[in-house]
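Structural overview
The chain contents come next:
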Amino acid sequence: MWLKLCFLLLYFLVLFVLARVFEAVVWYETGFFATQLVDPVALSFRKLRTILECRGLGHSGLPEKKDVRELVEKSGDLMEGELYSALKEEEASESVSSTNFSGEMHFYELVEDTKDGIWLVQVIANDRSPLVGKVHWEKMVKKVSRFGIRTGTFNCSSDPRYCRRRGWLKSTLIMSVPQTSTSKGKVMLKEYSGRRIEVEHIFKWITAHAASRIKTIYSSEHLREEWNRSDQYRVKIYLFASLDQPPAFFSALSVKFTGRVEFIFVNVENWDNKSYMEEIGISKTPSYILRTPEGIYRYGSNAGEFLSLRAMDSFLRSLQPEVNDLFVLSLVLVNLMAWMDLFITQGATIKRFVVLISTLGTYNSLLIISWLPVLGFLQLPYLDSFYEYSLKLFRYSNTTTLASWVRADWMFYSSHPALFLSTYLGHGLLIDYFEKKRRRNNNNDEVNANNLEWLSSLWDWYTSYLFHPIASFQHFPFDSDWDEDPDLFLERLAFPDLWLHPLIPTDYIKNLPVWRFKCLGVHSDEETLETLQDSESDSDSENKEVFGSEKDTSEDDEPNAFQRPGEGEPRCRAGTIPCATRCCPGERCERKARSYGSYSTAEEPDWSAWPPEMLHCTECVVCLEHFERGCLLMGLPCGHVFHQSCIVMWLAGGRHCCPVCRWASYKKKQPYTHPQPPSSDSPS
């Protein structure tokens, strides 16, 4: 998980650097930055009109370019980035969808139950033509959709009873606006009563009703009173301008942030005395001033702070987020991090997608489960101070220059989704390349596995886990009881508890201490080594003879590496691994008897060769035989000692505990300390 998080942070860093590279390229080609101000005098009439439409100001009664330019200047400063975005939005001929209501419940759920948005609905009466024609309605839908206003059509033929109850006996336009200034308040439906059906007149009617919800200040005394008043709103945004009404994007945002941010319009058109504005730090108009408990912030002074609905919406969301905003952000980040598994996982394609689906399900489930207690804690009354401190931290961090760059990059990449997806894919392919190279250097075979091989290995793992829920027996022979008696399988099915044993890997066995059993004063090291080499050469020659006599044995007998005692053949078949690792518990191998000398109880074992935490003993409780000189011993964490071959087969059989004390063989234990023996001379 941490690896994927690091890769995701690296990807965001790449996006940040790439955005700066794009800015440098634009500056090199055009000679200006996105935050550079534009002089409206140098713009054409079409561009000025486009800016007014994006800001939501009516210009139908302004035929002269001079009047249009003055209206642009009165509404706020114009940046190169805003001009570029407005022109691109005008060129884009994307069709905006409009909702067709099927009846009363559909209308109630979407319109009357929506408390933080504006709806414009065209009602078509029975056997009547619509008030706005199809062409003009499409223009209206496209015009109001850029300000977050949703549109729909309600045909009374689908629910005539509801139309009669509402009094919709003729075709009309209905606008829904929240009635109160509190979050989740009542919705007020207003009907268009104008005689002119042009798009501009209907739009003026919409913006006038939306602007009526904004508190308007017309005098400096009223401004002083409002500025010094403290109420429920911690965040307020003021618009100081010489306009008849605020722009449509400003009014639409006041509806969207109902209950979170208070929007105030200060009309300074007829002010003679502006001294109080200078006292509070307002030196020029128009100005968009954000007032918080931490101070005053002038909107438009950093990158990406354009006078548009989308730019100001992202700015206010970062300052005063809802819980839903944080949940959506965490959901996007978690899924981006989970999709990294598609590139980190190596091997077959099917394996990649199986791991990806598993990761997506796991991460999203954990995210939803982790959000449930958070939502519960936020409802507690004594966490109000924690909530306020969290919002204070958001306001401090998101009014910095770095935060403005991040918001500008977010708006850029969200408006160019193809670029975002292509960079994510390129980043993932680079991760896949380096991960594949790293695993090839480590000689990992799963890199070259194809789909069939991986599915086969998956089936083998599943069946191994289903029938024998222990690790693989690749180093030890295992004859399954299912092959001899199929009734054992049915018997195990009758007891579901037997399937629930944990899956414990056997990798810990190779880390257990191993040493040879020695006695004091019997042979020197050179003699012992010589004896072992001679015995091994003798046993090798005997094994070759046995192998020659068994050449005609069928392939079905090859897995049997052992022979029953008393059959006149050696215990261990030749050509296999040494007897020290292949002999079964309870059987004594003749090769072991030839290789190692017999141990007499009169001889004193060399305890100095034993690990200090092991208990001293001379007998293996698995095979019930004494230790012989030169035989391999293995100790468990509990301190008990056994023949290596005996205890390995015991553990590999699924019994991961000591045969004596039942202590877990993979679990550490407090080491045993031997008492210091009295000093005595060693026997010669």
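Residues numbered from 1 in each chain as written. Predicted model: local features only at pLDDT ≥ 70, side-chain atom pairs only at ≥ 80, totals over all residues. Heavy atoms only, no water.

1. Thoughts on the overall build of the protein
Applied cut-off: Where helices and strands are cited, they refer to DSSP runs of H or I of at least four residues and of E of at least two residues respectively, numbered from the N terminus. The contact criterion used is simple: two residues touch if any of their non-hydrogen atoms lie within 4.5 Å. Where accessible areas are quoted, they stem from the Shrake-Rupley method and a 1.4 Å probe; at the residue level, only the protein chains shown are allowed to cover.
Helix and strand counts for the protein come out as 24 helices and 15 strands. The long-range share in the protein, meaning contacts at least 24 apart out of those at least 6 apart in sequence, stands at 69%. Carbon and sulfur atoms provide 56% of the accessible area of the protein, an area that totals close to 39,400 Å².

2. A few points about the sheet that holds strand β15 (residues 641-643)
The strands making up a sheet associate through hydrogen bonds between their backbones, and the pairing can be parallel or antiparallel. Rules: Only strands joined by at least two bridges in the DSSP assignment are considered to pair. Lines fitted to C-alpha atoms define the axes here, with helix axes fitted over just the stretch in contact, and angles between the N-to-C directions of these axes take values from 0 to 180 degrees.
Overall, antiparallel pairing links the 3 strands, which are arranged β11-β14-β15 in an open sheet. Only two strands of the sheet have a single partner each, and these edge strands are β11 (514-516) and β15. Between one strand axis and the next, the sheet turns by 35 degrees as a mean value, whatever way the strands run. Where β11 lies against strand β14 (residues 632-635), 3 bridges are found, and the strand directions are antiparallel. Opposite Val514, over in β14, you have Met634 as the bridge partner. Strand contacts of helix α24 (residues 644-652): β11, β14 and β15, with the helix running at about 100 degrees to β15, the strand carrying the most contacts.

3. Section: the UniProt feature "transmembrane region" (unreviewed entry) in the protein
To keep things clear, this is the line we draw: UniProt positions are given in the numbering used here, feature names are shortened, and annotations may be inferred rather than shown by experiment.
Cross-referencing UniProt, the feature "transmembrane region" (unreviewed entry) maps to residues 326-344, 353-378 and 410-431 in the present numbering. Taken end to end, residues 326-344 has its terminal C-alpha atoms 27 Å apart, with 89% of it in helix and 0% in strand. Note that residues 410-431 is 95% helix and 0% strand, and that its end C-alpha atoms are spaced 23 Å apart.

4. Description of the state of the cysteines
In protein chemistry, a disulfide is the covalent bond that joins the sulfur atoms of two cysteines. The cut-off we apply is this: Cysteine sulfur pairs qualify as disulfides if the two atoms are within 2.5 Å. The rule is simple: take the accessible area with a 1.4 Å probe, protein chains only, and divide by the maximum for that residue type; under 20% is buried, over 50% is exposed, in between is partly exposed.
The tally for this structure, following the rule as stated, stands at 1 disulfide. Through a disulfide, Cys156 is tied to Cys163; the S-S separation comes to 2.1 Å. Given an S-S torsion of about -95 degrees, the disulfide between Cys156 and Cys163 has left-handed geometry. Of the two residues, Cys156 and Cys163, neither departs from the other in class, the shared state being buried. Summary of cysteine pairing: Cys638 is not part of a disulfide, and the nearest cysteine sulfur, belonging to Cys658, is at 3.5 Å. Cysteine Cys657 shares no disulfide, and the gap to the nearest cysteine sulfur, in Cys658, comes to 7.5 Å. Given the relative accessible area of 15%, Cys657 is considered buried.

5. A few points about a nonpolar patch on the surface
Defined as follows: The patches reported here contain residues having more than 30% relative accessible area and no salt bridge. Joining distances are 9 Å for like charges and 5 Å for nonpolar side chains (Val, Leu, Ile, Met, Phe, Trp, Tyr). Put simply, a salt bridge is a Lys or Arg side-chain nitrogen that is within 4 Å of an Asp or Glu carboxyl oxygen.
On the surface, Leu10, Leu13, Val14, Val17, Val21 and Val25 cluster together to form a nonpolar patch covering roughly 470 Å² of accessible area. Relative to the helices and strands, Val14 resides in helix α1 (residues 2-30). The partly exposed category is assigned to Val14, whose relative accessible area is 41%.

6. Here we look at empty space enclosed by the protein
Quick reminder of the rule: Using protein atoms alone on a 1 Å grid, points that fit a 1.4 Å probe yet trap it form a cavity, whereas open point sets bounded by protein on both sides within 12 Å along at least five of seven lines form a pocket; residues with an atom within 4 Å of a point count as lining. Grid points are joined across faces, edges and corners, and a volume is the space filled by probe spheres set on the points. Each residue receives one of three labels: charged for Asp, Glu, Lys and Arg, nonpolar for Ala, Val, Leu, Ile, Met, Phe, Trp, Tyr, Cys and Pro, and polar for the others, Gly being one of them.
In total, this model carries 2 cavities of 30 Å³ or more according to the counting rule given. Size it by volume and the largest cavity reaches roughly 50 Å³. Forming the boundary of the largest cavity are Ile118, Phe147, Ile149, Phe203, Ile206, Thr207, Ala210, Ala248, Ser251 and Ala252. Among the elements of the structure, α8 (199-211) and α10 (248-256) are those that each provide at least two residues to the lining of the largest cavity. No other element matches the 4 residues that α8 contributes to the lining of the largest cavity. When the residues that make up the lining of the largest cavity are grouped by side-chain class, the tally is 8 nonpolar, 2 polar and no charged. Each pocket or cavity is described by its volume, and for the second largest cavity that value is around 30 Å³. Of all the elements in the fold, those that place two or more residues in the lining of the second largest cavity are α12 (309-319) and α17 (401-415). At 4 residues, α17 tops the list of elements feeding residues into the lining of the second largest cavity.

7. Remarks on the pattern of salt bridges
Summed over all chains, the structure comprises 26 salt bridges. Lys236 is the partner of Glu226 in a salt bridge, and the nearest nitrogen-oxygen pair spans 3.4 Å. You can see Glu226 sitting in helix α9 (residues 220-227) and its partner Lys236 sitting in strand β7 (residues 235-241), a full 10 residues away along the chain. What makes Lys236 buried here is its relative accessible area of 4%. Across the pair Arg407 and Glu305 runs a salt bridge, and its minimum N-O distance is 3.5 Å.

8. Quick word on the packing of aromatic side chains
Two aromatic rings are characterised by how far apart their centres lie and by the angle between their planes. Put simply, the rule reads: Aromatic pairing here means that ring centres of Phe, Tyr or Trp (its six-membered ring) are within 6.5 Å. Orientation follows from the plane angle: under 30 degrees is stacked, over 60 is edge-to-face, and everything else is tilted.
Scanning the model with the defined rule gives 32 aromatic pairs in all. Geometrically, the ring pair formed by Phe327 and Trp371 is edge-to-face, given 5.8 Å between the ring centres and 80 degrees between the ring planes. Taken together, the positions of Phe327 in helix α13 (residues 323-338) and Trp371 in helix α15 (residues 349-378) put the pair 44 residues apart, joining distant regions of the chain. A ring pair is formed by Trp610 and Phe627, whose centres lie 6.5 Å apart and whose planes are at 55 degrees; its orientation type is tilted. With Trp610 in the loop between α23 (590-595) and β12 (619-620) and Phe627 in the loop between β13 (625-626) and β14, this pair connects stretches of sequence that are 17 residues apart. The two residues Trp610 and Phe627 agree in class, both being buried. Put simply, the rings of Phe101, Phe107, Trp119, Phe154, Tyr162 and Trp168 touch in pairs and so form one group of aromatic residues.

9. Focus on the environment of Arg655
Position of Arg655 relative to the elements: it lies in the segment after α24. Between the C-alpha atoms of Arg655 and Ser665, which are 10 residues apart in sequence, the distance is 8.8 Å.

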